[in-house]
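Below are the chains, spelled out letter by letter.
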Amino acid sequence: VYKRQLSDLALIALPARPSPSALVAILEAAAHHRLHAAMVLVGVHRVPAPVVLDLTWPRIHPKAREIRVPGLTVHLDGPTVQLLHWHACRQRLDRRRAGPAWRQSLRVFVDEVGRPYTEANADEAVTIATAKAGLPPLTFAELRDLMSPP
């Protein structure tokens, strides 16, 4: 009985706001999703969600390890540069598989036929990842707040 009361208290004492460890769990749960790299950019590098969804390939500078958009330069670490490289390879494969159905775009984050992801698509992907990680639902934009101090 005492142990059960302690576990109930532990649940009550959980912080209402997810932590950086929650971000790790979400990213692991979304590791195979087409928006995984987008989630890393928002959650780890704190790039605003609308900027990530509108990001185009010419804005990514892998040799300089930077993303440059008007008014914002984001410095990237090696693993993120590798992740974006892998993402580009996957997108080329998707383009070949889609054939004439592919919608040509310079956008970085597109679905399997080249359609740009919307905020609603990204929110749905994060909701699925948070559920897999056993966490309460979050929006795509809220990933940005997980690495900041409470």
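Residues numbered from 1 in each chain as written. Predicted model: local features only at pLDDT ≥ 70, side-chain atom pairs only at ≥ 80, totals over all residues. Heavy atoms only, no water.

Draft legend 1. The arrangement of the side chain of aspartate 111 in detail. Relative to the helices and strands, aspartate 111 resides in the loop between helix 5 (78-98) and helix 6 (119-132). You can call aspartate 111 buried: its relative accessible area is 9%. Here the side chain of aspartate 111 touches valine 113 through a polar contact of 3.0 Å, landing on its backbone nitrogen. Those residues within four positions of aspartate 111 in sequence are excluded, and the remaining contacts are Arg34, Trp102 and Tyr117. (Helix = DSSP H or I, 4+ residues; strand = E, 2+ residues; numbered from the N terminus. Buried < 20%, exposed > 50% of the residue type's maximum accessible area, 1.4 Å probe, protein only. Polar contact = N/O pair within 3.5 Å; in protein donor to acceptor, adjacent residues only side chain to side chain. Contact = heavy atoms within 4.5 Å.)

Draft legend 2. How the structure looks around the confidence of the model for the protein chain. Counting all residues, the mean pLDDT for the protein chain is 87, and 86% of those residues have values of 70 or more. The secondary structure element of the protein chain with the lowest average pLDDT is helix 1 (residues 2-13), at 40, and the one with the highest is helix 4 (residues 49-53), at 97. Predicted confidence for residues 1-16 stays below pLDDT 50, and this span has zero contacts to residues more than four positions away or in other chains. (pLDDT = per-residue confidence, 0-100.)

Draft legend 3. The arrangement of the environment of arginine 144 in detail. One can find arginine 144 in the segment after helix 6. A residue is classified by how much of its surface remains accessible, and arginine 144, at 30% relative accessible area, is partly exposed. Considered as a pair, arginine 144 and leucine 41 are 103 residues apart in the sequence and their alpha carbons are 8.5 Å apart. The residues contacting arginine 144, other than those within four sequence positions of it, are Val42, Gly43, Arg46, Val47 and Pro48. Side-chain polar atoms of arginine 144 contact the backbone oxygen of arginine 46, separated by 2.6 Å.

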